[in-house]
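For reference, the chains in residue letters:
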Protein chains: 2
Amino acid sequence: MSKDSGPDLTPTIRRHDPPQASSLLPAIAAATSRRCVISTAVTSSESRHADEMMVGKATDADLAKLREMMKEADIDALIVPSEDPHMSEYAPLFQSRREWVSGFTGSAGTAVITVDHGALLWTDGRYFNQALKELGEGWTLMRGMEPGVPTVREWLMKEALRTGIDPLVHTLADGRALAKGLDEVGGSLVALPDNLVDAVWGTARPPPPLAPLRVHDLMWAGETPRAKIERLHAEITGKGAGALLVTALDEVGWLLNLRGADVDFNPVFLSYVIISADVEGTAIATLYIDDIKLGPAGSPVRAHLEAEGVRVRPYEAAVGDVAGLAAAGVSLAADPKKVSYAFGRAIEDGWVSPAPETKRARVDGDENAAGAGKKQANKKAPKALIEMDSPVTLAKAIKNSCELDGMREAHLRDSVALARFFHWLEVQVAAGSSLDEVAISEHLLVLRQRNAGFIEPSFPTIAGADANGAVIHYRPIPGPDCLPITKDTMLLVDSGGQYDCGTTDVTRTVHFGTPSEKQRRCFTAVLKGHIALDRAVFPSGTAGLFLDTFARAPVWALGLNYRHGTGHGVGAAMNVHEGPMSISPRLTVTQGLKEHMVCSNEPGYYEDGAFGIRMENLFIIRKADTEFQFDPAVNSLTCENLTWHPIQRKLLDRSMLSTDEIAWIDRYHRQVWEKVEGRLEAEDAEVRAWLERECAAL
Amino acid sequence: MSKDSGPDLTPTIRRHDPPQASSLLPAIAAATSRRCVISTAVTSSESRHADEMMVGKATDADLAKLREMMKEADIDALIVPSEDPHMSEYAPLFQSRREWVSGFTGSAGTAVITVDHGALLWTDGRYFNQALKELGEGWTLMRGMEPGVPTVREWLMKEALRTGIDPLVHTLADGRALAKGLDEVGGSLVALPDNLVDAVWGTARPPPPLAPLRVHDLMWAGETPRAKIERLHAEITGKGAGALLVTALDEVGWLLNLRGADVDFNPVFLSYVIISADVEGTAIATLYIDDIKLGPAGSPVRAHLEAEGVRVRPYEAAVGDVAGLAAAGVSLAADPKKVSYAFGRAIEDGWVSPAPETKRARVDGDENAAGAGKKQANKKAPKALIEMDSPVTLAKAIKNSCELDGMREAHLRDSVALARFFHWLEVQVAAGSSLDEVAISEHLLVLRQRNAGFIEPSFPTIAGADANGAVIHYRPIPGPDCLPITKDTMLLVDSGGQYDCGTTDVTRTVHFGTPSEKQRRCFTAVLKGHIALDRAVFPSGTAGLFLDTFARAPVWALGLNYRHGTGHGVGAAMNVHEGPMSISPRLTVTQGLKEHMVCSNEPGYYEDGAFGIRMENLFIIRKADTEFQFDPAVNSLTCENLTWHPIQRKLLDRSMLSTDEIAWIDRYHRQVWEKVEGRLEAEDAEVRAWLERECAAL
């Protein structure tokens, strides 16, 4: 699944830049709504529809009530962003405040409700039409990123408003920038003790998820939580910090070898972790979570936590405990681009919401990296907050051998479902059936569910026929836009699975009739790019943006391009998008590639209104055997392929392929056959014959 | 000539990042001293030696006198950087204050003399040994960029010193950072009214150069100064500025179609320009220059300036005039990374040195982009300084058709000298002569001098035999390190010429005996990289860093690398290094490549103590004819080769070359033969035969 390349929302309220794991933009959801995204594939069309009803939309009376509460809180404006307290790519429905309050269902947007200046909704060009349809009266669409349109922060500064936020759903970096900007113009930022939207939403608000946790087997995790906690603690103490605040959900899950189901597609659970030291200086972790998710007394999850020495505290206690640690003089390491403003204020000012001594919101202003907290008289330590990139992000991205084995195994299992699926689809189309995109996506899920250890899709399946294939983050939903697959269809299928052992993500493009010359030339250019990246050799530490060129060059050579990155990091039995690296032209992602990271390789080409092409395998970055070694301290790296499914030969223009490229294709197909054939079952005789044919040498 | 990849000096006193033209690091001079660099090739060894005597070295008495003056000026420390007032890559000898005061002759370094804490010299790893040899007693070497070694600014902050600078030789950006840092710790920055080193250096100091100017023919310039001035004025008024301050010497020369000879290799002259408007609003330019350089009354240069409506004012009047403009309420556009701190203060505070009302240095502090000048009561305009990248930089980099024709012509002329040179060298070596690197460099100059319109080398010739070839910015000087060229030599020759019509820069690597297998494999990988970049097609606006991968990939594939960028911008009959673009892995250079820029393509490989390989042609970026066009608003671009000289075939490993690559080499050689053969003269019969043989199909 390709990473979203859509514009960032606004400088102040946007999701973070990609170097941080939680900052990966809402890729899957980009061209559809989060509400739809969350509901797909794991449910039938009926229950998906039911899901759509759950978020609902604020009435005029709700908005009037909200404005009354704003007056009581003495604020002129209230920002309602898309973010949840963990800055997640996907969040549970009960966090969909911006969607509920504005009625706008797009994945990216920020609402600002004012007492006297109406209500405004910022989104980007992908969503202008949708927003105009969905926003009610009294709402103004702010066309983000268009020339002359101010950002949220710029607009608030122009009006110099007293602006309220829920400090849990803004990052510390964004909150600081807002506070500084508003202070400069005579406005102010008010960190509210309660979320006003929740108060109005009331009983109609979906409940928070309470899915039980499961232990991620050490066989696939490869390292105990205790060992991870110890090495991370050593790392932060080496940088002068006494404790580490972990708020990204995939980081918590990876750290504790636990998986949850609070959010679809991402096996995570609502929680925080603080790594600190006990009185003897031993590293310990405290998990902040709703206790019910741990199961009954003596459950495997409770036993696991106890064995690993992990303390458990209520989810809601995290901010207060952080303030307490800071007050006790412990320097806390945290990433201002990941932790919420609430945590930042708790560390720097001891601010806790709701503070027992006062229910009145405090006024913030003049915050910045150098000066933050300077004015606080009751500050205990000279440096309460040690700002750093989360060390968990890189530790998680560099997989150990068990995680890599798990990824290899997950892909081998997945390849069986893929072979069965594409064979089945070919038979169906040949028989004249006109199954649509939704129907084939559901069948693909059924086939994956037959695989051992399958849990759920790793993202909503993108099955895009013809023109729908050109919508990069298309996702079929029942209705007039959902196209049938016929003998003339060119089809792009991007899908993946969460398994007990690993995570998959694969795209193939196939044609059921006779592809045009242009389709073949474009497909072959995309494949050449894929092959070039797969064969690339590069020094350890090279930033992914330099590798993007390998995949893009053959597409450029035809005068074409694709508006997304070539690859993203992939978690091991974890989120399908993870940082801190990527292989993309975004200059903000400068993390060097290291041995044992896992990434996708997915160049593409999209012709609006006509067809879409993408060719995606995942790969492990591993040491390359080279003829020479330039620097004894720097290894050469290359790609070890993980994904095993044939490439449709009718889409090839042989004249564009070099001898080496043809050899690569033949070798790949030989490996596919050797690896997958043995995993097919007796009843798969036709699949086996199909696979053998598809894997024959060119 | 490859761009220097050595470490920047220190964050505070370093030369700028490469996006600015003047910021290109001292590439040629990197591995040798500026003193030596300036003297090379245009002079005999004798006169070079004479040059070396000119800078001299401060005596203990000089330093004692300097410290006395520092006490009088009430400062604890004095910074003496390498920079001149134009932040030039090369500067005249009379600006070599850091070299004179410290005795250290390396190209990169910053001296700090203190009253009570001794004297310190910061340089980087390339120069540690040299500096230890050259620095006198009382000097401490600060190993810049080494772990734990503070930068100049950090050291001054640690000591909280009252620090003096000559504000003319620090950029505004650096001066601000220094002032802010020192203010934070209770030190202060003092912008001195006079340069204290000059006062001590006295009559021993070399005189400033007074070389006469010449008019750069409109036939090669392609656009009148009046037209350039008008479009630049329109550009800055569109950004809210009333005047533009141009301080980089190549920008002044390009703007006014004038060339000078104040500095070797770069056809520039010491000067500033202010573009502003007269009372009728017509764009005008004022040139600040020593009047004697314009020649006698009625000279072509004076007639040219008059015809173009350019006013002339004394060089020394520039800072005062800028202060006057700012005081009159004119907003001045300037680039804080290019203009000196003196100009910045003149614009923001009306500070002029020497100020008539006081000779006492003023204390500066708490400067930064947002707050600078805030406290000045007598500030006339709300925004006296409009900060922007110099618009001249990009205008100069995008050549017009006359400039491109001039570059093509210069390279054709140059190719005759190259053919004669490499033929001559082959004959000499075969005859058993043992000419050394200096001797062959001087003969190459003699051959270039036979070409019409030749003016001078565009940089000191790098002729590196065997191990010397591995020193990336090697430059031969007479002595024990200067190697002979024999039948076993592998030789790298990087050289170029300034012509009336254009500028050249070419590298070839040749072997006079039998190259080893490793040499052939490395050379072929480098050539493959060169070919890949030459054939690359990419969208207009792609940053050069993405193209660096094309050239580096085949070298990476062998497990090798090279520690310099693949290409730099080249001026048209102007400096051989220019910005704002480059083709290099430096993430700071993000300028997109545009049609009609001129760059070098020079991958390499260097084996310490053994041999060096570099393959360099220049090219024009031009529109590519592609099969499709992705975005009607974005052209595809590719390279038009400028340099015509054969590639030595004995260095090729044919097994590494694809069919396409062999076809590229054959086509290139056919073009070399067709273009160069007709320019050879009757006496070149042997050269012609040699060239035909070298250009035969593989």
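A brief look at the structure comes next. (Residues numbered from 1 in each chain as written. Chains lettered and ligands numbered in written order. Predicted model: local features only at pLDDT ≥ 70, side-chain atom pairs only at ≥ 80, totals over all residues. Heavy atoms only, no water.)

**Remarks on the overall build of chain A**
Scanning chain A from N- to C-terminus turns up 21 helices and 28 strands. Carbon and sulfur atoms form 52% of the exposed surface of chain A, whose accessible area is close to 24000 Å². (Helix = DSSP H or I, 4+ residues; strand = E, 2+ residues; numbered from the N terminus. Areas by Shrake-Rupley, 256 points an atom, 1.4 Å probe, with all protein chains shown as cover.)

**Quick word on the sheet that holds strand 17 (residues 462-465) of chain B**
Hydrogen bonds between backbone atoms are what pair the strands of a sheet, whose relative direction is either parallel or antiparallel. Residue and element names in this part refer to chain B. With antiparallel pairing, three strands are arranged side by side in an open sheet as 17-18-20. Looking along the sheet, the strands with just one partner apiece sit at the ends: strand 17 and strand 20 (506-511). With strand direction ignored, the average angle separating the axes of adjacent strands in the sheet is 10°. Of the pairings in the sheet, the one linking strand 17 to strand 18 (residues 490-495) comprises four bridges and is antiparallel in character. Bridge pairing links I462 to D494 in strand 18. (Pairing = 2+ DSSP bridges. Axes fitted to C-alpha atoms, helices over the stretch in contact; angles between N-to-C directions.)

**Observations concerning the relation of the copies chain A and chain B**
Note on the identical chains: chain A maps onto chain B by a rotation of 180° and an axial translation of 0.0 Å, with an RMSD of 0.1 Å. The transformation relating the two chain copies, once decomposed into turn and shift, fits a two-fold axis. Minimal C-alpha separation from the rotation axis in chain A is found for A:F546, amounting to 2.9 Å. Comparing contact sets, 100% of the residues at the interface of chain A also lie at the interface in chain B, consistent with an isologous, same-surface contact. (Least-squares fit on C-alpha atoms with pLDDT ≥ 70 in both. Contact = heavy atoms within 4.5 Å.)

**A few points about the pairing of strand 26 (residues 611-614) of chain B**
All names here are of chain B. The side-chain alternation of strand 26 yields two buried faces, one formed by F611 and I613 and the other by G612 and R614. As judged from the four bridges shared by strand 25 (residues 604-607) and strand 26, these two strands associate in the antiparallel manner. Of the residues in strand 26, the one forming a bridge with Y605 is I613. Between strand 25 and strand 26, which pair antiparallel in sequence order, lie three residues; one of them, G609, sits at a positive phi of approximately 75°. (Buried < 20%, exposed > 50% of the residue type's maximum accessible area, 1.4 Å probe, protein only.)

**Focus: the sheet that holds strand 15 (residues 385-387) of chain A**
Residues and elements named next belong to chain A. If you walk across this open sheet you meet the six strands as 12-11-10-8-13-15, and the pairing is mixed. Of all strands in the sheet, those bounded by a partner on one side alone are strand 12 (310-313) and strand 15. Neighbour to neighbour, the strand axes of the sheet diverge by 25° on average, direction disregarded. Here strand 8 (residues 243-246) runs beside strand 10 (residues 272-277); their pairing, made up of three bridges, is antiparallel. By the bridge assignment for strand 10, L244 is matched with I275.

**With respect to helix 11 (residues 249-256) of chain A**
All names here are of chain A. In terms of burial, helix 11 is a largely internal element, eight of the eight residues being buried. What helix 11 keeps buried is the set L249, D250, E251, V252, G253, W254, L255 and L256. Of the residues one or two after helix 11, N257 is the one with positive phi, at around 50°.

**Some details on the environment of B:Q591**
Residues and elements named next belong to chain B. Here Q591 is to be found in the loop between strand 23 (578-583) and strand 24 (598-601). Spatially, the C-alpha atom of Q591 lies 9.2 Å from that of L545, the residues being 46 residues apart in sequence. With near-sequence residues (within four places) excluded, Q591 lies in contact with L394, T542, A543, G544, P580, M581 and M597.

**Quick word on the pattern of salt bridges**
In the structure shown here, the tally under the stated rule is 84 salt bridges over all chains. For B:K337, the salt bridge goes to B:D389, with nearest N and O atoms at 3.4 Å. Highlighted residues: B:K337 in the loop between strand 13 (332-334) and helix 14 (341-349) and B:D389 in the loop between strand 15 (385-387) and helix 15 (391-397), separated in sequence by 52 residues. Taking the relative accessible area as the measure of exposure, B:D389 reaches 53% and is therefore exposed. With its nearest N and O atoms 2.9 Å apart, the salt bridge here joins B:R693 to B:E694. Each of A:D250, A:K396, A:K399 and A:E578 takes part in a single network of salt bridges with overlapping partners. (Salt bridge = Lys/Arg side-chain N within 4 Å of Asp/Glu carboxyl O.)

**Describing the interface of chain A and chain B**
Facing the 32 residues of chain A at the interface are 32 residues of chain B. Taking the shortest distance from any N to any O, the salt bridge between B:R563 and A:D631 comes out at 3.7 Å. Counting the contacts that link chain A with chain B gives eight residue pairs in polar contact (both at pLDDT 80 or more). For the side of chain A that touches chain B, the elements supplying multiple residues, two or more each, are helix 18 (517-535), strand 21 (538-539), helix 19 (544-557) and strand 25 (604-607) of chain A. It is helix 19 of chain A that provides the largest number of residues to the side of chain A that touches chain B, a total of eight residues. Classifying every residue of the side of chain A that touches chain B gives 19 nonpolar, eight polar and five charged. (Polar contact = N/O pair within 3.5 Å; in protein donor to acceptor, adjacent residues only side chain to side chain. Nonpolar A, V, L, I, M, F, W, Y, C, P; charged D, E, K, R; others polar.)

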